[in-house]
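# Survey of secondary and tertiary structure
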Amino acid sequence: NAGVMQNPRHLVRRRGQEARLRCSPMKGHSHVYWYRQLPEEGLKFMVYLQKENIIDESGMPKERFSAEFPKEGPSILRIQQVVRGDSAAYFCASSPPPGQGDETQYFGPGTRLLVL
Amino acid sequence: DAKTTQPNSMESNEEEPVHLPCNHSTISGTDYIHWYRQLPSQGPEYVIHGLTSNVNNRMASLAIAEDRKSSTLILHRATLRDAAVYYCILLYAGGTSYGKLTFGQGTILTVHP
């Protein structure tokens, strides 16, 4: 069973460009979480999604950031008009559906975004 | 959200046991105690979790105080690969509700050869 996959692993963008980060959850997982880790800081929750639904986006910046988890395909975290302050490691995690007795979140290797 | 308090850093020698403490005096009855760790340049990795009883798995043991206001992650024989930041996190798991993980600063564990 493959783990959580994220791509690209490294992404370089110039200020003003768009960044698209992809996350493929573990097989059978219908919940996806995105976290951001700024340099020398801790991990911060951004958004929690189920298939086709945003459940909790309380950690998402109000502008330029959006996330989706379509019925088919990976979850996408999209950052429009990137700024240097967006440079960070972005981690995706997935978890099984409720009721299976496993609340664990399984993390991917992260996408390291560098904005020049 | 209930908060956790951990020492900023701890050190250990290889092959020795390590006890990583965590205080969570405001824990509620439906909060699970989760431990994750993050190795350098990697994503967080689940270690163990529990509610009231002590728990053991292949990676570690979790000792939970009787009043649940504190817990201790125990690595029985530290290896160099255990050098990481260890996070103690409370996660509400009432019914079918899943929640975000709120990471604190964690404990930086250094393992000496």
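The notes below deal with the structure included here. (Residues numbered from 1 in each chain as written. Chains lettered and ligands numbered in written order. Predicted model: local features only at pLDDT ≥ 70, side-chain atom pairs only at ≥ 80, totals over all residues. Heavy atoms only, no water.)

Within chain A one finds zero helices and eleven strands. Starting at the N terminus and walking to the C terminus, you meet the elements of chain A as β-β-β-β-β-β-β-β-β-β-β. Whereas a compact globule of 116 residues would reach a radius of gyration of roughly 13 Å, chain A reaches 14 Å, a difference of no more than 12%. Within chain A, buried positions represent 44% of all 116 residues. Taking contacts inside chain A between residues at least 6 apart in sequence as the whole, the part at least 24 apart equals 53%. Accessible area of chain A: about 5,900 Å², with a carbon and sulfur share of 46%. Where the 16 positive side-chain charges of chain A centre and where its 12 negative ones centre are 9 Å apart. (Helix = DSSP H or I, 4+ residues; strand = E, 2+ residues; numbered from the N terminus. Rg over C-alpha atoms; globule rule 2.2 N^0.38 Å. Buried < 20%, exposed > 50% of the residue type's maximum accessible area, 1.4 Å probe, protein only. Contact = heavy atoms within 4.5 Å. Areas by Shrake-Rupley, 256 points an atom, 1.4 Å probe, with all protein chains shown as cover. Lys, Arg positive; Asp, Glu negative; His and termini not counted. Charge placed at Lys NZ, Arg CZ, Asp CG, Glu CD.)

What follows deals with the overall build of chain B. If you tally the helices and strands in chain B, you get zero helices and nine strands. Compactness check: chain B gives a C-alpha radius of gyration of 14 Å against a globular reference of 13 Å for 113 residues, within 12% of the reference. Across its three principal directions, the C-alpha atoms of chain B cover 45 × 30 × 25 Å. Looking at chain B residue by residue over its 113 residues, the buried ones come to 44%. A separation threshold of at least 6 residues defines the contact pool for chain B, and within that pool the share at least 24 residues apart is 57%.

Moving on to the side chain of Gln 105 of chain A. Tracing the chain through its elements places Gln 105 of chain A in the loop between strand 9 (88–95) and strand 10 (106–107). In this structure the side chain of Gln 105 of chain A is engaged in a polar contact, spanning 2.9 Å, whose partner is the side chain of Tyr 35 of chain A. When residues no more than four places from it in sequence are discounted, the contact partners of Gln 105 of chain A are Tyr 33, Tyr 35, Ala 93, Ser 94 and Ser 95 of chain A together with Tyr 36, Tyr 46, Gly 99, Lys 100 and Leu 101 of chain B. (Polar contact = N/O pair within 3.5 Å; in protein donor to acceptor, adjacent residues only side chain to side chain.)

A cis amide bond, omega -5°, links Asn 7 of chain A with the succeeding residue Pro 8 of chain A. Relative to the helices and strands, Pro 8 of chain A is located in the loop between strand 1 (5–7) and strand 2 (10–13). With a phi angle near 45°, Gln 81 of chain A is a residue other than glycine that sits in the positive phi range. With respect to the element layout, Gln 81 of chain A can be found in the loop between strand 8 (75–79) and strand 9. Look at Ser 41 of chain B: it is not a glycine, yet its phi comes out positive at around 60°. Looking at where Ser 41 of chain B falls in the secondary structure, it is placed in the loop between strand 3 (31–38) and strand 4 (45–50). Judged by relative accessible area, which is 63%, Ser 41 of chain B ranks as exposed.

Residue and element names in this part refer to chain B. Within the open sheet, the five strands sit side by side as 1-9-8-3-4. Their pairing is mixed. Either end of the sheet is taken by a strand with one partner, and the two such strands are strand 1 (9–13) and strand 4. Direction aside, the axes of adjacent strands within the sheet are offset by 25° on average. Examined bridge by bridge, strand 8 (residues 84–92) and strand 9 (residues 107–112) share three bridges and lie antiparallel to one another. In the sheet register, Ala 84 faces strand 9, and the bridge partner there is Leu 109. (Pairing = 2+ DSSP bridges. Axes fitted to C-alpha atoms, helices over the stretch in contact; angles between N-to-C directions.)

Okay, the interface of chain B and chain A next. Contact residues are listed per partner, giving 18 residues for chain B and 23 residues for chain A. A buried area of about 1,700 Å², summed over both sides, lies between chain B and chain A, and 56% of it is on carbon and sulfur atoms. Summed over the shared surface of chain B and chain A, the number is zero salt bridges. Run the count over chain B and chain A and you get five residue pairs in polar contact (both at pLDDT 80 or more). Looking at side-chain class alone, the side of chain B that touches chain A contains nine nonpolar, eight polar and one charged residues. (Buried area = accessible area lost by both parts, 1.4 Å probe. Salt bridge = Lys/Arg side-chain N within 4 Å of Asp/Glu carboxyl O. Nonpolar A, V, L, I, M, F, W, Y, C, P; charged D, E, K, R; others polar.)

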